[in-house]
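# Notes for the structure review
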Amino acid sequence: RGCRLIIRNVTLTDTGNYTCLARSQLGGSFRENVPLTVIAPARITSSFSEVVTVRSGGRVQLQCDAAGPPKPDVYWTKGSTPCSNSTAAILKIANASQQDSGIYHCHAVNQLGSDEKKVRIVTTQLKFVELPPPTIDLNKQATRYIAINCTASVAVGLPMTRTQWSIARRNQNCPTVADSTVSFLSNGTLVIRGAGDGDAAVYTCSAEFDGETITASTEIVPSWMLTTDRCGGFRQSTYNSSVYYAVSAYHLWDKSRYYHCPSGYHWACTEEGKMIFKTNKNWSKTYVYYSFVIRQPQMPSSMLGIETSIK
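These notes cover the structure that comes with them.

## Describing the sheet that holds strand 21 (residues 212-221)
Strand order in the open sheet formed by four strands is 14-21-20-17, with mixed pairing between adjacent strands. Each edge of the sheet is formed by a strand with only one pairing partner; in this case those strands are strand 14 (135-137) and strand 17 (163-169). Neighbouring strand axes in the sheet, compared pairwise and without regard to direction, differ in orientation by 20° on average. When strand 14 meets strand 21, the two strands line up parallel, connected through three bridges. Within the sheet, the bridge partner assigned to Thr135 lies in strand 21 and is Glu219.

As structure tokens, then:
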């Protein structure tokens with residue numbers, strides 16, 4: 001009397017050796033081994049992200065495993081071009097550059113069919129898309145409204161990287177003129193409404209991605225300085241080479257005007273001026289009045305002053 005083994009909904013796990021065992025009423029027995037091999041179209045078993053980012057100069061390695069049987073052939077392509085930097089199932093990119101960005105396909109093929117998975121590799125390089133100007137001269141501003149744009153990106157097709165602003169006042173000891181408002185927009189723009197000499201400062205835009213930070217600065221130059229002459233508004237002292245004079249746009253000293261310090265300096269007192277020029281002269285009786293500013297400690301050692309005639 002015969003019997004049958006029926007396996008429905010066959011899967012790859014059904015592969016193996018099956019044994020048929022029969023016994024007779026007379027005590028005899030029969031054993032037969034039947035190997036079963038389940039074959040199937042190629043199927044990729046690896047999982048990886050749809051988008052893989054790598055910093056410029058970095059390294060990428062992706063492994064693409066596939067199942068059969070029969071054992072599939074596995075290879076990588078970029079678009080329709082076979083990858084020369086792959087060994088069978090492994091894609092390797094060393095020293096990644098922008099040229100390595102793109103869509104990569106993993107292919108698995110056997111006699112019964114094929115399978116495919118794709119991944120987008122993006123080489124990132126943090127850089128500014130829109131830079132702020134190096135300087136903004138308040139003398140050249142038609143209005144008291146200033147908008148400074150600063151945007152950064154890591155790669156084409158990825159969202160813009162968030163930027164932040166910091167402000168370094170020309171002199172932390174100088175009083176703040178509160179007739180302006182400074183605001184920071186979500187698109188990276190810094191806006192100053194009612195800009196004046198009190199806003200003279202170095203404004204630094206920074207962006208950060210994956211542990212890397214880039215910065216760019218713009219300096220707002222106060223309106224009292226004359227920066228358009230051939231020396232850029234500065235004169236070096238012939239008496240002391242570390243001393244510089246800033247040229248005012250006005251011929252007379254206005255006691256009611258606030259003269260904001262140039263970037264990185266602070267106004268020197270009379271005693272500092274005497275020490276620099278090694279004089280005991282009574283400056284209150286001199287015809288020419290020198291008002292010096294001294295560069296902040298974190299800056300290179302040099303001096304600056306305004307030279308104006310008063311009576």
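## Quick notes on the pairing of strand 5 (residues 60-63)
Only one face of strand 5 is covered, namely the face carrying Val60 and Leu62; the face carrying Gln61 and Gln63 is uncovered. Pairing of strand 5 with strand 10 (residues 90-93), which is carried by four bridges, proceeds in the antiparallel orientation. Bridge assignment links Gln63 to a residue of strand 10, and that residue is Ile90.

## Here's the deal with the packing of aromatic side chains
For the structure on display, the rule yields one aromatic pair. Here the aromatic rings of Phe48 and Trp76 are separated by 5.9 Å at their centres, their planes lie at 35°, and the arrangement is tilted. Residue Phe48 is found in the loop between strand 3 (43-44) and strand 4 (51-55), and its partner Trp76 is found in strand 7 (residues 73-78); the two are separated by 28 residues along the sequence. For Trp76, a relative accessible area of 1% translates into the label buried.

## Quick notes on the state of the cysteines
Applying the stated criterion across every chain, the model contains two disulfides. Residue pairing for Cys64: its cysteine sulfur links by disulfide to Cys106, the two sulfurs lying 1.8 Å apart. Because the torsion about its S-S bond is -90°, the bridge between Cys64 and Cys106 counts as left-handed. Taken together, the residues Cys64 in the loop between strand 5 and strand 6 (66-67) and Cys106 in strand 11 (residues 102-110) connect sequence positions 42 residues apart.

## Focus: the pattern of salt bridges
Throughout the structure, instances matching the rule amount to one salt bridge. The closest approach of N and O atoms between Arg55 and Asp210, which form a salt bridge, is 3.5 Å. One end of the pair, Arg55, is in strand 4; the other, Asp210, is in the loop between strand 20 (201-209) and strand 21, with 155 residues separating them in the sequence. For Arg55, a relative accessible area of 34% corresponds to the partly exposed category.

## Describing unusual backbone geometry
Cis geometry marks the peptide bond from Gly68 to Pro69, where omega comes out at -20°. Take Pro69: it is sitting in the loop between strand 6 and strand 7. For the bond from Pro69 to Pro70, the omega torsion is 5°, close enough to zero to count as cis. Here Pro70 is to be found in the loop between strand 6 and strand 7. Even without a glycine there, the phi angle at Asn95 is positive, about 55°.

## Quick word on the nonpolar core
Grouped together as the largest cluster of nonpolar side chains are 20 residues, with contacts concentrated most on Phe128, Ile146, Trp165, Ile192, Tyr203 and Ile220. The leading source of residues in this core is strand 20, at four residues. Setting aside residues no more than four positions away along its own chain, Tyr203 makes contact with Trp165, Ser166, Ile167, Arg169, Leu190, Ile192, Ala216, Ser217, Thr218 and Ile220. Counting residues in each nonpolar core, the second largest holds 19 residues, with Ala42, Leu91, Ile93 and Val119 among its members.

## Some remarks on the side chain of His107
Its place among the elements puts His107 in strand 11. Classification of His107 by relative accessible area gives buried; the value is 14%. At a separation of 2.9 Å, a polar atom in the side chain of His107 contacts the side chain of Thr77. Once you skip the residues sitting within four places of it in the chain, His107 turns out to touch Asp73, Val74, Tyr75, Thr77, Asp115 and Glu116.

## A word on the pairing of strand 2 (residues 29-36)
Sheet analysis places strand 1 (residues 16-23) next to strand 2, joined by eight bridges and oriented antiparallel. Each residue of the ladder has a partner; that of Thr19, found in strand 2, is Asn33.

## Some details on the side chain of Thr77
Following the sequence through the fold, Thr77 ends up in strand 7. Within the structure, the side chain of Thr77 is placed 3.2 Å from the backbone oxygen of Gly79, a separation counted as a polar contact. In this structure Thr77 touches Pro82, Cys83, Ile103, Tyr104, His105 and His107, once residues within four positions along its chain are discounted.

Rules of the game
- Each chain has its residues counted from 1, running along the sequence as written.
- Thresholds applied to this predicted model are a pLDDT of at least 70 for local features of residues and 80 or more for the giving and counting of side-chain atom pairs; totals over whole chains, interfaces and linings are not thresholded and use all residues.
- To get the side-chain values, all heavy atoms of the structure are used, and hydrogens and water are removed first.
- When DSSP finds at least two bridges between two strands, those strands are taken to pair.
- In DSSP terms, a helix is any run of H or I states spanning at least four residues, a strand is any run of E spanning at least two, and both are numbered starting from the N terminus.
- An axis is simply a line fitted to the C-alpha atoms; with a helix, the fit covers only the stretch in contact. Between two such axes, the angle follows the N-to-C directions and lies from 0 to 180 degrees.
- For each residue, the accessible area found with a 1.4 Å probe, counting protein chains only, is set against the maximum for its type, and the residue is called buried under 20%, exposed over 50%, and partly exposed in between.
- For this analysis, a ring pair means two rings from Phe, Tyr or Trp (six-membered ring only for Trp) whose centres lie within 6.5 Å, classed as stacked if their planes differ by under 30 degrees, edge-to-face if by over 60, and tilted for the remaining angles.
- What counts as a disulfide here is a pair of cysteine sulfur atoms lying within 2.5 Å.
- By salt bridge we mean one thing: a side-chain nitrogen of Lys or Arg within 4 Å of a carboxyl oxygen of Asp or Glu.
- In this text, buried Ala, Val, Leu, Ile, Met, Phe, Trp, Tyr and Cys residues form a nonpolar core when linked through side-chain atoms within 4.5 Å.
- By the convention used here, residues are in contact when the closest approach between their heavy atoms is within 4.5 Å.
- In protein, a polar contact requires one atom able to donate a hydrogen and another able to accept it; more generally it is a pair of N or O atoms within 3.5 Å, and residues adjacent in sequence count only if both atoms are side-chain atoms.

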